[in-house]
Amino acid sequence: MSETQGQRVNGHIRERFDTLVVGGGIAGLESALDLAEQGYRVLVVEKEASIGGKMIALSKVFPTLDCSSCITTPKMSAVAHHENIEIATHTSVTAIEENAGTHRVELVRRPTYVDEDLCIGCSLCEEACPIEYPDPFEEGLGSIRAIAVPFTNAIPQKAVLNPEYCIACGACAKVCPTDAVKFDQEQLIYHVDADSVIIASGFTLNSVYLKPQYNAAMSRNTITPMQLERLLAPHGPYGRVLRPSDGKVPDSIAFVLCAGSRDQSIGVPYCSRVCCMYSIKQAILLSGAVPLADITIYYMDIRAFGKGHEQFYKNAQAMGINFVNGKVARIDNIENNDMSLRIENLETGQVEENRHDLVVLAQGIIPQPVKPDGLNAVAGDDGFVERPEIHRPAWTGMEGVFVAGVAAGPKDIVDSIMDAGAAAAEASGFLSRREEKGKMFF
Amino acid sequence: MRTEENNGVPGEDIRIGVYVCMCGGNISDVIDVDRVAAAVGEIAGVTLAKVHPFMCSDPGQQTITEDIKTQKLNRVVVASCSPFLHELTFRTAVGRGGLNPYLYEHVNIREQGSWSHKDDPDGATIKAIRLIAAAIGKLRYAEPLEQIQISNFRRALVIGGGIAGMRSAVDLGKRGIEVLLVEKEPSLGGWVKEWEEIYPTGGKGAELIRRLNEELERLNEVTVLKGVRVSDLSGFVGNYNVTLENAGAGDEAELREVLGNAPYRAQAGAIIVAAGFEPYKPRAGEFGYESFPGVVTLPEFIEGLSEMQIHPEGRIFWRGRTVGSVAFIHCVGSRQIEGVHEKQDDGKINDYCSRTCCTAIVRNAALIRERFPGVHVYDFYQDIRTYGRGHEEIYTSAANTGVTFLRYHGEQPPVVEKGADGALLVRCNDRLTFGEEIEAAVDMVVLGVGMTPGAVGKVSEVLKLPVGADRFLQEVHPKLRPVEVSVNGVFLAGTAQGPMNIEEAFSAAGAAAAKASILLNNSTVQLDPFKANVDDESCIGCERCLSECVYTGALVMKEAKGTDGSTCRKAVVNPGLCVGCGACVAVCPTRAIYVNGWTLSQYEAMVDGLLNAPREGARIENA
Ligand SMILES: Cc1cc2nc3c(=O)[nH]c(=O)nc-3n(C[C@H](O)[C@H](O)[C@H](O)COP(=O)(O)OP(=O)(O)OC[C@H]3O[C@@H](n4cnc5c(N)ncnc54)[C@H](O)[C@@H]3O)c2cc1C
Ligand SMILES: Cc1cc2nc3c(=O)[nH]c(=O)nc-3n(C[C@H](O)[C@H](O)[C@H](O)COP(=O)(O)OP(=O)(O)OC[C@H]3O[C@@H](n4cnc5c(N)ncnc54)[C@H](O)[C@@H]3O)c2cc1C
């Protein structure tokens, strides 16, 4: 293990930073790099065990079909190795308080039960551990040991023990060559000062159970789009696309768009903005992975508005993917673990009952639930971070506090990256003025 | 492993580490990576050859840095994906290991291997072995190289003073960086200053521009020149020289004050192109445009809004006409389909979505209903793309105010005709009523025209800025590097790059400012060393290289003293402009020119490598 990394990741964090970045998804990483490259010192705080956000788990990205982990890892690695950036993972920002022109930040590092300074990421503990549980990185489709490095290209490469599943048998501690397993590790609360803050806490997805008429709770073959991303990833849980209930290759796949958005009844009246495009992408990838399958996308409006998106949509149509204009009214689970979709086809006016053996529900994109104390003020009606001034789309209205990426509303990767640049520009402007003010006073 | 042969580099033991990446199956599902590693491990000078599931992951990179230290490697090869993705990643890792980062070769066995030869795993495996053998050959003759440092003029030139250009200028100014903002029109603000009400805030366009202007005026770092155009440009990253000319509305006295006497010249280290868009101009007769009075484009309608008076019964009174019904048509000049729509003058169709029109149209449709409740409003659309934050609400409110929505098929756009009584007839097969043919008789038709790229002019010509199939300026990578272009030191801001709404154009402009700040943060710029180099001794001054070079200024002749003391002419390379293409190398009769990192002996060694790859590369069955 290189010493530099051991020091920078979580290790002995300095006390003062120019910028605190909350969230290590693509938006947070891009902001951090844009600032660090200008010489500012940045702390990236990530609540999960690895940086990379949602993007590191995606299969390929629309509309370029670049392999997602291939284009995310260089960013992750650049951040991890940057001399001006420190990373704190498994850590949440719990409070931010403005204090004499800077921000006092409270950080809570949840225990991983592994001493990060000692762990060399050798995975011997993982091999020794007798307990497996559904792997969160694989969206529950595969399994992972109770102590393990979270996924192959995770940064940092440190084992994390999950106390919910661990039976404290001690097998891991016995094989660990560096005595890094610490069953008595406690949570660590500490403080840093940061002159500016960028909120890049991203999103989560609303529950597929919100719509009881879709009966997702009772069906293993009604899956989430993130699960399908994992099924399509080259190094995914099954290595190929199989349906979860019986491992059968699906032959009739349905995408239900707006299954958790544009729907007042479930509290998400807005458009989640990326579902049309990622569903088209997934449909295209599926027609390569399971060439014999019929693929149908049920939609209200196809919102292929970004650069190169309309052509992507046209390609999908040309490939024989079936686009049906209609809202799915209900989904019933029928024999063979198949599903029957009841839709009103808006083209024909007919009510149809269509049978599919794999159904993907495009969930709504909602903000991360936990906002640090002191930042609640910046949440808008929809829960995403508010921006009071249209001409400063990265500014939250709080002095020195900016926002980037999906934390300010649903958007795709490229728009998140643009946002991240804008937030970095605002933060660097703010920091420069601070320097100037400093010069005036001292 | 075989013993060391003569490797052509005197006084140094070559110790090469080769790493073959599986790319999580992307490579190893087709290519037999173990066989590749075993085969190339046999090549003289190869100290170790390893296979790894993800070389780009941190553990993968650490394998390299540790092997450099513990195995005393002095050359590294990684065989993985395209160098566009990870050449820099591994070069940096090699540097971290303490080795000169240019003693590294990248071999593409994914895009040019496993992906392109899916059906021939054995062939793909052999190809990988040969390509790696070639890289090993090249590395034998590799020498440590240093980045080239050139001076950097710490000022940004921003071309276009719409909201994007203004935002970039404000961000850079606040960062303490000098900015020259040039706008060809007499005032700043671009199209937004024309928009009476802007979505999603409901504010006035002119008010937004006023606030931006205020911010600009507070910044001493920013100089704004209005009514001015770039008439000439030369130079390269860190050192652009620009000549400005009065576009008709410029203030000569101000120009002289800022730039001295004509010709007006200025220097800049970076350029931000924010030349914006032009609304699509319908052809005469397209949806009745210019054929029937009462057919206007959305920008024309918006510009007319302030003149529109309310007529009894809540109708519109505008330019001597009473308007009791209006039809909006979406996707005019956007989402065009080959065979359905007529081609543009350049033979292309505008097949892209203009992104901003849907929300602008539904907002204006609702606005009519709010201000002129006696007017019937029809909205002919394909898909309503109100995707942004606060946009869906605008769509809902348009429906609630009583706008009638009709949905047409892209292949069957609505038809606008003149009715017998002088009314305009808009006809389409409405998908919402299952294909029923619907005809709406209206007094006015508003064409929701899309965006086409603005005219960047000279800058684009001189710098050969790349454009996409949609004619908008094209970024380096549409996902990861959206504001950079392939020309070093040039960045994109706003709709010059593609359709965006105000908020998005602001974000893009901020991102461009961030990248420009990084570049202008230092007084020097670092360039990759892969540039042509002239050996003065061998150069005979024949100038053949000069006539071959297409990068103006990259090669020039200079006076020099020959070995006998006489003056002669020699070729000199300007590393800022040289792209290292090697055209000069090919024509040099005395082999006086070579490209750093790509010497002729390296080419020869690569060919040797390809041809003499280890026997295991032959078609043999795997045990
Ligand atoms: C199924 C699916 C497929 C998609 N496919 C594509 C695609 O093909 N192309 C495309 O362009 N886009 C795609 N997207 C959209 C893409 O995922 C987002 O644009 C992108 O992930 C946004 O990045 P972000 O950094 O803003 O947010 P995130 O990726 O959500 O990252 C936020 C990070 O912040 C962390 N965090 C949150 N709260 C805190 C806290 N309080 N303290 C510390 N850390 C915190 C989170 O753990 C997370 O790591 C897809 C989305 C989905 C759901
Ligand atoms: C009808 C319509 C309504 C809209 N309404 C809204 C809305 O309500 N809300 C919203 O968010 N968005 C709206 N938009 C989108 C919005 O107009 C754009 O996002 C915005 O104008 C983009 O700004 P820009 O700076 O990129 O380009 P522009 O506004 O086009 O500005 C470019 C500037 O560069 C100058 N320029 C061009 N070439 C040169 C050159 N070679 N040298 C010097 N100067 C040059 C131009 O004169 C111009 O001033 C609307 C668009 C349309 C078509």
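The paragraphs below set out a description of the structure included in this document. Every chain's residues receive numbers from 1 upward, in the order its sequence appears when written. Chains carry letters from A onward and ligands carry numbers from 1 onward, assigned in written order. Reporting in this predicted model follows two pLDDT cut-offs: at least 70 for local features of residues, and 80 or more for side-chain atom pairs to be given and counted; totals over whole chains, interfaces and linings ignore these cut-offs and use all residues. Side-chain metrics rest on all non-hydrogen atoms present in the structure, leaving aside hydrogens and water.

## Observations regarding the interface of chain A and chain B
Thought 1: A contact between two residues is defined here by any heavy atoms of the two lying within 4.5 Å. Facing 86 residues of chain A, the contacting portion of chain B comprises 80 residues.
Thought 2: Summed over both partners, buried area is the accessible surface (1.4 Å probe) that two parts give up on being assembled. Between chain A and chain B, roughly 6600 Å² of surface is buried when both sides are summed, and carbon and sulfur atoms account for 52% of that area.
Thought 3: When the buried surface of chain A facing chain B is broken down by residue, Lys 307, Ile 390 and His 391 of chain A rank first, second and third, together holding 12% of it.
Thought 4: Note on definitions: salt bridges are taken to be side-chain nitrogens of Lys or Arg within 4 Å of carboxyl oxygens of Asp or Glu. One can count 17 salt bridges joining chain A with chain B.
Thought 5: The partner of Glu 347 of chain A in a salt bridge is Arg 431 of chain B, and the shortest N-O contact between them spans 2.5 Å.
Thought 6: Nitrogen and oxygen atoms within 3.5 Å of one another constitute a polar contact, given that in protein one can donate a hydrogen and the other can accept it, and given that sequence-neighbouring residues count only through two side-chain atoms. For the interface between chain A and chain B, the tally reads 44 residue pairs in polar contact (both at pLDDT 80 or more).
Thought 7: In this description a helix means any DSSP run of H or I spanning at least four residues, a strand means any run of E spanning at least two, and both kinds are numbered starting from the N terminus. When contributions to the side of chain A that touches chain B are tallied by element, the ones reaching two or more residues are helix H1 (3-8), helix H2 (26-36), strand S3 (60-61), strand S4 (66-67), helix H3 (68-81), helix H8 (309-318) and helix H9 (413-441) of chain A.
Thought 8: Counting residues per element, the side of chain A that touches chain B draws most heavily on H9 of chain A, which supplies 15 residues.
Thought 9: Residue composition of the side of chain A that touches chain B, grouped by class: 35 nonpolar, 26 polar and 25 charged. Under the scheme applied here, ten amino acids are nonpolar (Ala, Val, Leu, Ile, Met, Phe, Trp, Tyr, Cys and Pro), four are charged (Asp, Glu, Lys and Arg), and all others, including Gly, are polar.

## Describing a nonpolar patch on the surface
All names here are of chain B.
Thought 1: On the surface, Val 550, Tyr 551 and Val 579 cluster together into a nonpolar patch covering about 270 Å² of accessible area.
Thought 2: Mapped onto the secondary structure, Val 550 falls in the loop between helix H14 (544-548) and strand S29 (555-561).
Thought 3: For each residue, the accessible area found with a 1.4 Å probe, counting protein chains only, is set against the maximum for its type, and the residue is called buried under 20%, exposed over 50%, and partly exposed in between. On the basis of relative accessibility, which here comes to 55%, the residue Val 550 falls in the exposed class. Patch rule: a residue counts if its relative accessible area is over 30% and it has no salt bridge; like charges are joined within 9 Å, and nonpolar side chains (Val, Leu, Ile, Met, Phe, Trp, Tyr) within 5 Å. Residue-level accessible areas treat just the shown protein chains as cover; the underlying method is Shrake-Rupley with a 1.4 Å probe.

## Regarding the pattern of salt bridges
Thought 1: Counting across every chain of the model gives 75 salt bridges over all chains.
Thought 2: The partner of Asp 419 of chain A in a salt bridge is Lys 411 of chain A, and the shortest N-O contact between them spans 3.1 Å.
Thought 3: The class of Asp 419 of chain A is buried, set by a relative accessible area of 8%.
Thought 4: Residue Lys 411 of chain A is classed as buried on the basis of its relative accessible area of 10%.
Thought 5: Between Arg 319 of chain B and Glu 307 of chain B there is a salt bridge, and its shortest N-O distance comes to 3.4 Å. Remark: Glu 307 of chain B occurs in the loop between helix H9 (298-305) and strand S15 (309-311) and Arg 319 of chain B occurs in the loop between strand S16 (315-318) and strand S17 (321-323); sequence separation between them is twelve residues.
Thought 6: One connected set of salt bridges, linked through shared partners, spans Arg 262, Asp 301, Arg 303, Glu 310 and Lys 314 of chain A together with Arg 335, Asp 383, Arg 385, Glu 392 and Arg 407 of chain B.

## Comments concerning the site of ligand 1
Thought 1: We call a residue near a molecule or strand as soon as one heavy atom of that residue lies within 4 Å of the molecule or strand. Neighbouring residues of ligand 1: 36 residues in total, closest Glu 46, Lys 281, Lys 411 and Ile 413 of chain A together with Lys 479 of chain B.
Thought 2: Lying at an intersection of chains, ligand 1 is approached by residues of chains A and B.
Thought 3: Interatomic distance of 2.7 Å between a backbone N/O atom of Lys 411 of chain A and an oxygen atom of ligand 1.
Thought 4: The fraction of the free accessible surface of ligand 1 (1000 Å²) that becomes covered by protein chains is 98%.
Thought 5: Every element with two or more residues in the shell around ligand 1 is listed here: H2, S3, strand S6 (91-99), helix H6 (225-232), helix H7 (275-289) and H9 of chain A.
Thought 6: Sort the elements by how many residues they give to the shell around ligand 1 and H6 of chain A lands first, with three residues.
Thought 7: Here the shell around ligand 1 is built from residues that sort into 16 nonpolar, ten polar and ten charged.

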